[in-house]
Amino acid sequence: MDAVLNALVVVFQPMNFALMILGVIIGIIFGAIPGLTATLAIALLIPITFTMSPIPALLLLLGIYNGGMFGGSITAITIRTPGTPAAAVTVLDGYPMAQRGQAGLAIGTACIASTFGGLMSALIMIVLAPLLAKAALAFSPVEYFSVGVFGLTAVFAISGKNLLKGALATLFGLLLSSIGLDPILPIPRFTFGEIELSGGIPFLPAVIGLFALAEVFRLVGAKEKDIIIHTDVGNVLPSWKDFKKIIRASVKGSLIGTWIGILPGAGGTIASYVSYGEARRSSKNPELYGTGIIEGIAAAESANNGVTGGAMIPMLTLGIPGDAVTAVLLGALTIQGLQPGPMLFQEHVDIVYPVFAGMLLSNFIMLLLGLVMVKPVSYIARIKKQHLVPIVAIFSVIGAFAESGSLLMVAFAIAFGIIGYLMEKYEFPVAPLILSLILGPMIENALRQSLIMSQGSWGIFVTRPISAGLLLIALATVITMLRRQLCLNKNCEGY
Amino acid sequence: MKVADLVGGILAIIIGVVFYVSAGTLPEFNLKLAGPAFFPELVAAAQIFCAACLVGVTVYSGYGKTPVKNADMESENIKPILITMAITVIYYLAMSYIGFWLSTVLFSLSLSMLTQKKRSWLDAVLTSAGITGMVYGVFSVLLKASLPVGSLFR
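Because the structure is predicted, anything quoted here is derived from the model rather than measured.

Describing empty space enclosed by the protein
Leftover empty space is mapped by rolling, across the atoms, a probe with the size of a water molecule.
Residue and element names in this part refer to chain A.
Here is step 1: With the rule as written, the count across this model stands at one cavity of 30 Å³ or more.
Here is step 2: Taken as a whole, the largest cavity encloses approximately 40 Å³ of empty space.
Here is step 3: Every residue lining the largest cavity is listed: Leu58, Leu62, Met312, Met315, Leu316, Leu329, Leu333 and Val355.
Here is step 4: With three residues, the single largest contributor to the lining of the largest cavity is helix 12 (residues 294-318).
Here is step 5: Among the residues forming the lining of the largest cavity, the class breakdown is eight nonpolar, no polar and no charged.

As for the layout of surface pockets
Residue and element names in this part refer to chain A.
Here is step 1: Reported here for the second largest pocket is a volume of approximately 1100 Å³.
Here is step 2: Lining the second largest pocket are 44 residues, and of these Thr334, Gln339, Ile438, Pro441 and Met442 sit closest to its centre.
Here is step 3: Counting residues per element, the ones that place at least two in the lining of the second largest pocket are helix 7 (141-158), helix 8 (163-177), strand 1 (180-181), helix 9 (203-221), helix 13 (324-335), helix 14 (342-347), helix 17 (385-404) and helix 19 (431-453).
Here is step 4: A per-element tally of the lining of the second largest pocket places helix 19 first, with nine residues.
Here is step 5: Counted by class, the lining of the second largest pocket contains 25 nonpolar, 15 polar and four charged residues.

Brief notes about the packing of helix 5 (residues 88-99) of chain A against helix 11 (residues 268-281) of chain A
Residues and elements named next belong to chain A.
Here is step 1: The N-to-C vectors of helix 5 and helix 11 enclose an angle of 45°; their axes lie 8 Å apart at closest approach. Here helix 5 lies oblique to helix 11, going by the angle between them. Contact with helix 5, carried on its side by Ala88, Val89, Leu92 and Asp93, involves Ser272, Tyr273 and Tyr276 of helix 11 and no other residues of that element.
Here is step 2: Of the residues assigned to the contact of helix 5 with helix 11, the class counts are five nonpolar, one polar and one charged.

Observations regarding the interface of chain A and chain B
Here is step 1: Residue-level contacts link 62 residues of chain A with 70 residues of chain B.
Here is step 2: In this assembly, chain A packs against chain B so that about 5700 Å² is buried in total across both faces, 79% of it on carbon and sulfur atoms.
Here is step 3: Ranking the residues of chain A by area buried against chain B places Leu175(A), Gln386(A) and Ile394(A) at the top, with a combined share of 11%.
Here is step 4: On the surface where chain A and chain B come into contact, there are one salt bridge.

Quick word on the nonpolar core
Here is step 1: Among the nonpolar cores identified, the biggest contains 193 residues, and Ile42(A), Tyr65(A), Met312(A), Leu316(A), Ile398(A), Ile434(A) and Phe139(B) are the most heavily contacted of them.
Here is step 2: For this core, the element with the most residues is helix 9 of chain A, which contributes 14 residues.
Here is step 3: For Met312(A), the residues in contact, after removing those within four places along its chain, are Leu62(A), Tyr65(A), Met125(A), Thr326(A), Leu329(A), Val355(A) and Met359(A).
Here is step 4: Among the nonpolar cores identified, the runner-up in size contains seven residues, and Tyr276(A), Ile293(A), Ala299(A) and Ala300(A) belong to it.

Some details on the confidence of the model for chain B
Low-confidence regions, as indicated by low pLDDT, have predicted coordinates that should not be scrutinised in detail.
Here is step 1: Counting all residues, the mean pLDDT for chain B is 85, and 86% of those residues have values of 70 or more.
Here is step 2: For this predicted complex, the interface confidence reaches an ipTM of 0.90, while the overall pTM sits at 0.84.

A few points about helix 18 (residues 407-425) of chain A
Residue and element names in this part refer to chain A.
Here is step 1: Taking 1.5 Å of rise per residue, 19 residues should cover 27 Å, and helix 18 covers 27 Å from first to last C-alpha, within 8% of that figure.
Here is step 2: One side-chain oxygen at the N-terminal end of helix 18 lies 3.2 Å from the backbone nitrogen of Leu408; it belongs to Ser406.
Here is step 3: Positive backbone phi, at 60°, marks Glu427, one or two positions downstream of helix 18.

A few points about the pattern of salt bridges
Here is step 1: This model, assessed by the stated rule, comprises ten salt bridges over all chains.
Here is step 2: Taking the shortest distance from any N to any O, the salt bridge between Lys165(A) and Asp5(B) comes out at 2.7 Å. Linking Lys165(A) in helix 8 with Asp5(B) in helix 1 (residues 3-23), this pair reaches from one chain into another.

Brief notes about the packing of aromatic side chains
Here is step 1: Under the defined criterion, the tally for this structure stands at 14 aromatic pairs over all chains.
Here is step 2: Geometrically, the ring pair formed by Tyr353(A) and Phe356(A) is edge-to-face, given 5.6 Å between the ring centres and 75° between the ring planes. Residue Tyr353(A) and its partner Phe356(A) are located together in helix 15 (residues 349-372), separated by three residues, close to a single helical turn.
Here is step 3: Under the relative-accessibility criterion, Phe356(A) is labelled buried at 2%.
Here is step 4: Ring geometry for Tyr91(B) and Phe107(B): centres 4.2 Å apart, planes at 10°, overall stacked.
Here is step 5: Note on Phe107(B): relative accessible area 4%, which makes it buried.
Here is step 6: The rings of Phe145(A), Trp458(A), Phe461(A) and Phe38(B) are connected pair by pair, giving a single aromatic cluster.
Here is step 7: Positioned above the aromatic ring of Phe428(A) is the side chain of Lys165(A), whose terminal nitrogen or guanidinium carbon lies 5.0 Å from the ring centre.

Re the packing of helix 4 (residues 54-78) of chain A against helix 5 of chain A
The description of two helices packed together rests on the angle between their axes and the distance between the axes.
All names here are of chain A.
Here is step 1: Between helix 4 and helix 5, the shortest axis-to-axis distance is 7 Å and the interhelical angle comes to 50°. Accordingly, the angle class assigned to the pair helix 4 and helix 5 is oblique. By crossing handedness, the relation of helix 4 to helix 5 is classed as right-handed. Contacts between helix 4 and helix 5 pair Ser73, Ala76, Ile77 and Thr78 from the former with Thr90, Val91, Gly94, Tyr95 and Ala98 from the latter.

Quick notes on helix 11 of chain A
Residues and elements named next belong to chain A.
Here is step 1: When the terminal C-alpha atoms of helix 11 are compared, their 20 Å separation across 14 residues agrees well with the 20 Å that a helix rising 1.5 Å per residue should span.
Here is step 2: Restricting attention to buried positions, one finds in helix 11 the residues Gly268, Ala271, Ser272, Ser275, Tyr276 and Ala279. Buried residues along helix 11 cover an arc of 125° about the axis, so they all sit on one side.
Here is step 3: Contacts made by the buried residues of helix 11 are with helix 4, helix 5, helix 10 (240-262) and helix 12.

Here's the deal with a nonpolar patch on the surface
All names here are of chain A.
Here is step 1: Side chains of Val4, Leu5, Leu8 and Phe12 sit close together on the surface and give an oily, nonpolar patch of about 340 Å² of accessible area.
Here is step 2: Relative to the helices and strands, Val4 is located in helix 1 (residues 2-11).
Here is step 3: Residue Val4 is classed as partly exposed on the basis of its relative accessible area, which comes to 36%.

The rules behind the values
Residues numbered from 1 in each chain as written. Chains lettered and ligands numbered in written order. Predicted model: local features only at pLDDT ≥ 70, side-chain atom pairs only at ≥ 80, totals over all residues. Heavy atoms only, no water. 1 Å grid on protein atoms, 1.4 Å probe; cavity = no way out; pocket = protein on both sides within 12 Å on 5 of 7 lines; lining within 4 Å. Points joined across faces, edges and corners; volume = space filled by probe spheres on them. Helix = DSSP H or I, 4+ residues; strand = E, 2+ residues; numbered from the N terminus. Nonpolar A, V, L, I, M, F, W, Y, C, P; charged D, E, K, R; others polar. Axes fitted to C-alpha atoms, helices over the stretch in contact; angles between N-to-C directions. Parallel < 35°, antiparallel > 145°, perpendicular 65-115°, else oblique. Contact = heavy atoms within 4.5 Å. Buried area = accessible area lost by both parts, 1.4 Å probe. Salt bridge = Lys/Arg side-chain N within 4 Å of Asp/Glu carboxyl O. Core = buried A, V, L, I, M, F, W, Y, C linked by side-chain atoms within 4.5 Å. Buried < 20%, exposed > 50% of the residue type's maximum accessible area, 1.4 Å probe, protein only. pLDDT = per-residue confidence, 0-100. Expected span 1.5 Å × (residues − 1). Polar contact = N/O pair within 3.5 Å; in protein donor to acceptor, adjacent residues only side chain to side chain. Phe/Tyr/Trp six-rings, centres within 6.5 Å; stacked < 30°, edge-to-face > 60°. Lys NZ or Arg CZ within 6 Å of the ring centre and 35° of its normal. Left-handed = near helix turned anticlockwise from the far one by under 90°. Arc of directions from axis to C-beta. Patch = residues over 30% accessible without salt bridge, like charges linked within 9 Å, V, L, I, M, F, W, Y side chains within 5 Å. Areas by Shrake-Rupley, 256 points an atom, 1.4 Å probe, with all protein chains shown as cover.

This is the structure in structure tokens:
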């Protein structure tokens, strides 16, 4: 109880509170601008958090996370262009409502549903995370290896359309993660004599390159469309009858989003599609979905923001990110000198509980700001390429430099930017690459320690029940996705 | 047959082979399975296998058919992308010699001119000056971070 009260006191300190508000504003704006995402915003702002202590830095980044997940719905509704991939489903009912002159109601619905989803998933996180952290204290390297393999398998099986490409992206990331000093013996691997590589591939330039610079290259080549904006937003607050409909639709969506958020690799996009599909399937009037109904928006947006708390659970308790955004957040935590995992809950309770409080509070801030910022954000989202591209490019380059003051980091960022662009272009998923880059050292360490414990016997991974269970689920996931892909290629029924 | 998949697969095989061979030169541990070479060799072997499968599937599915262009290529303008990549590399190289200010102004100017729908030097110059000032303000003034100085000015 003391920890909770202390957390609230910390979060309500003026500077921390102001940073949360700033984070939500930045998140909403970045989420709203097509091509920019919460992941990109966090990647660009991590260098800015170097000079901050952990709590203000995390509150700023969490504000961006929550705001960004909602922000994409504003342009999805007003200009039929989702600001983030996760808001693509919101277009289906949001834009028809805007065309009928109900843009305000649509955005109000999205905002309330997002807040509900975010709050529910934050509460589930607050209950489950400490329990999981406690259970994880009993984990040995064997369980950590299996958790890591499960995480990576889930990521590459779900990301992208092609299982082989997902596997290759994952394996490439694992290879890159082995560059640097060996984790057990202090000998350099694949450094080619370069001292700068002995620390391994630096995380921040890789993230900036893969998410920010790659997007710059894509934006430069994309055609600029003529946009029709439905700026006559009108009243954003729903009636009591509509409010009840929103809440009813949001309950299921929030639970779906939270559960999907817990699964590594499955982010807001999958959550919103699954939730929308489920809402339509279970509706008495499924034919109305897609014509402009608030239940459609509520189902998508509540799941979308429901992912946030769910994804934080494995990230905080096991150090396994639930999605790309939490992968970047994990890096931010590490840069702040905090190691996610069960020990975080033992040694840094003074940081964990403010994070919990921040997740709750930033949702309320998002509700207030989201309703107010609709019109200005719709206009900001029209920022021209000739202004947007240089801003993102230069912030990316200087951000990569600022971490260590080394121009080599800029070279890494540019290299990863080119790699990230080519991967997206030729449908090799990027998320498995960044996750395996982060998880690779942990997986390798756990594998080798386990084999030392078992004197070289692989049986140790199947004789321990948790490990065996996780590996079985990982195998089942791959087989299911492989069957699905083979069936899609042959146009089987049921897929 | 998707040419990009074929190229990607072959590239992945080459990378896998390079890592596998390099790992073979690492010293051994008492227990080989726990040595520094084991994990990279395992992953590299898996990568070579998956890449070979991708190449095989691509060739098999495209046997007798004409190469397919990626649909995205039709809607994307490649030339400005390649130019942007090139000037980003030049920006990085220039920063080490002429430092932050001049290189950033020129980089921003180039990007702005490249992405303008209608050419406007005034807009490009103002954008460039504004962005450079903003970045300086955020990183140097607000965060007290150092910016590249450039060897010519040291």
